[in-house]
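Geometric and topological summary
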Amino acid sequence: MQQTEFLNVVLPFKDKLYRLAKRLLVSKEEAEDATQEILLKLWSKNKMMTGYNNVEAYAMMMTKNFCLDRLKSKQAGNLKLVHSNYKDENVSIQTQIEVSDSLSWIEKIMEELPEQQKMVLQLRDVEQYEFEEIADLLGMSATAVRVALSRARKTVREKLVQKHNYGIQ
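Conventions adopted
- Residues numbered from 1 in each chain as written.
- Predicted model: local features only at pLDDT ≥ 70, side-chain atom pairs only at ≥ 80, totals over all residues.
- Heavy atoms only, no water.
- UniProt positions renumbered as here; feature names shortened; annotations may be inferred.
- Helix = DSSP H or I, 4+ residues; strand = E, 2+ residues; numbered from the N terminus.
- Buried < 20%, exposed > 50% of the residue type's maximum accessible area, 1.4 Å probe, protein only.
- Areas by Shrake-Rupley, 256 points an atom, 1.4 Å probe, with all protein chains shown as cover.
- Contact = heavy atoms within 4.5 Å.
- Axes fitted to C-alpha atoms, helices over the stretch in contact; angles between N-to-C directions.
- Parallel < 35°, antiparallel > 145°, perpendicular 65-115°, else oblique.
- Left-handed = near helix turned anticlockwise from the far one by under 90°.
- Patch = residues over 30% accessible without salt bridge, like charges linked within 9 Å, V, L, I, M, F, W, Y side chains within 5 Å.
- Salt bridge = Lys/Arg side-chain N within 4 Å of Asp/Glu carboxyl O.
- Lys, Arg positive; Asp, Glu negative; His and termini not counted.
- Charge placed at Lys NZ, Arg CZ, Asp CG, Glu CD.

Looking at an unreviewed UniProt entry, one finds the protein named RNA polymerase sigma factor and attributed to Arenibacter arenosicollis. Turning to the protein, the UniProt record has this under Sequence similarities (unreviewed entry): "Belongs to the sigma-70 factor family. ECF subfamily."

A few words on the overall build of the protein. Scanning the protein for helices and strands turns up eight helices and zero strands. If you list the helices and strands of the protein from N to C, you get α-α-α-α-α-α-α-α. With 169 residues in all, the protein has 27% of them scored as buried. Accessible surface, the protein: about 12,400 Å² in total, of which carbon and sulfur atoms supply 51%.

What follows deals with the side chain of Lys118. Secondary-structure assignment places Lys118 in helix H6 (residues 115-126). If we ignore the near neighbours within four places in the chain, the residues touching Lys118 are Met110, Glu111 and Leu113.

For the rest of this paragraph, the subject is the packing of helix H2 (residues 14-25) against helix H3 (residues 28-44). Two numbers describe how H2 lies on H3: the axes approach to 8 Å, and their chain directions differ by 135°. If you check the angle between H2 and H3, you find them oblique. As for the relative orientation of H2 and H3, their crossing is right-handed in sense. Between H2, through Lys14, Leu17, Tyr18, Ala21, Lys22 and Leu25, and H3, the contact on the second element is made entirely by Lys28, Glu30, Ala31, Glu32, Ala34, Thr35, Ile38 and Leu39.

For the rest of this paragraph, the subject is a negative patch on the surface. Residues Glu29, Glu32, Asp33 and Glu37 make up a contiguous surface patch of negative charge. Mapped onto the secondary structure, Glu29 falls in helix H3.

Put into structure tokens, the structure is as follows:
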């Protein structure tokens, strides 16, 4: 494989290699180094590349393995593995109080809604009934249920925003 052929094959996914390396290594410089290393390894294996069905997948696998090896190596003491899919299950007390306060305000606002809107909102958003089930229960058409639900949600949203923005000019 000649240099021009190699560049035509590799350049279209070079940015993908960098983004994967950056996601794993966090550091921009480390990701650039990793991308360069992978491109050098690919060039050294350019004779075998014609035998691969999907060069991009092979390069992505090489990048992932290289980055994980980098993270495990001793010279990468300043690098760390970042878990972007990790969620902190601990909720602060302030957040718990704010959520509780908002829920109590929503309950108060719902009590002020017209009876039909209150029932539709309760059945759909709290009890998770389908539109057709609500229509059968309340003797309404599915379209009327959607309209009542939309109006109820709009009223609750407006009053809740008004409450949250109280005193803010």
